[in-house]
Amino acid sequence: LISGDDLREIFSFDKFNGKERKILAKKYCRYAKFITDQNINLIFAAVGMFNSTRTWYRKNIDNYIEIFIKTKIEDIIKAKKKKIYHKKNVGEIVGINIKPELPKKPNIIINNNFKRSSEVLAKELVKKIKLLYNGRNS
């Protein structure tokens, strides 16, 4: 499991504008391919802003599963889960002044309004992964 914050630290990346995010997305792709080519399961818990990146993953990563945690920006801010949404003058922020390209056809969608615990959401996700995996192998 690697978060978007982890990836930014790994690649020493602290820029947040659209151009720089695209550069970082390409690095994510190469890194994911490197790890998964070694038969290691990898979970990127990161804002996937670009459909081109998701398309690349589908074409180049075996057994790629796209999971969309669907959440309203208002709920994220209200829940105070990400400090960046409460800082002033931090620049470009996804959901505030950068509009992400939402997934077109994710394999799994989990709706999160922060009213259910992480444990409940995790159980729902595992159940959906098992259903998807069993469907792929039938």
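Presented here is a report on the structure given in the accompanying data block. (Residues numbered from 1 in each chain as written. Predicted model: local features only at pLDDT ≥ 70, side-chain atom pairs only at ≥ 80, totals over all residues. Heavy atoms only, no water.)

Here's the deal with the pattern of salt bridges
Heads up, the condition is: Just to be clear on terms, a salt bridge is a Lys or Arg side-chain nitrogen sitting within 4 Å of an Asp or Glu carboxyl oxygen. Helix and strand assignments follow DSSP, with helices taken as H or I runs no shorter than four residues and strands as E runs no shorter than two, numbered in order from the N terminus. For every residue, the accessible area obtained with a 1.4 Å probe (protein chains only) is divided by the maximum for its type, and the residue is called buried under 20%, exposed over 50%, and partly exposed between those limits.
If you walk through the whole model with that rule in mind, you get 5 salt bridges. A salt bridge links arginine 54 to glutamate 66, with the shortest nitrogen-to-oxygen separation between them at 3.9 Å. Separated by 12 residues along the polypeptide, arginine 54 in helix α3 (residues 51-60) and glutamate 66 in the loop between α3 and β3 (67-70) bring together distant segments of the chain. As far as the burial class goes, arginine 54 and glutamate 66 line up, both buried. Measuring nitrogen to oxygen at the nearest pair gives 3.3 Å for the salt bridge that ties lysine 128 to glutamate 124. One end of the pair, lysine 128, and the other, glutamate 124, are both in helix α5 (residues 118-136), 4 residues apart, so they sit about a helical turn from each other. Residue classification places lysine 128 among the partly exposed residues on the basis of a relative accessible area of 29%. Each member of the salt-bridge network shares a partner with another, and the members are Arg54, Arg58 and Glu66.

Quick word on the packing of aromatic side chains
Rule in force here: Two aromatic rings, drawn from Phe, Tyr or Trp (for Trp, its six-membered ring), form a pair once their centres lie within 6.5 Å of each other, and the interplanar angle then sorts them: stacked below 30 degrees, edge-to-face above 60, tilted otherwise.
Applying the stated rule across the entire model yields 5 aromatic pairs. A centroid spacing of 6.0 Å and a plane angle of 75 degrees characterise the contact between tryptophan 56 and tyrosine 57, whose relative ring orientation is edge-to-face. Judged by its relative accessible area of 9%, tyrosine 57 falls in the buried class. Ring-pair connections join several aromatic residues into one group, and the members of that group are Phe11, Tyr28, Tyr31 and Phe44.

Description of unusual backbone geometry
Unlike most non-glycine residues, asparagine 39 shows phi in positive territory, near 60 degrees. As for its position among the elements, asparagine 39 is in the loop between α2 (18-36) and β2 (44-45). Given the relative accessible area of 74%, asparagine 39 is considered exposed. The backbone phi angle of phenylalanine 114 is positive, close to 65 degrees, even though this residue is not glycine. Here phenylalanine 114 shows up in the loop between β4 (108-111) and α5. Relative accessible area serves as the criterion here: at 28%, phenylalanine 114 is assigned to the partly exposed category.

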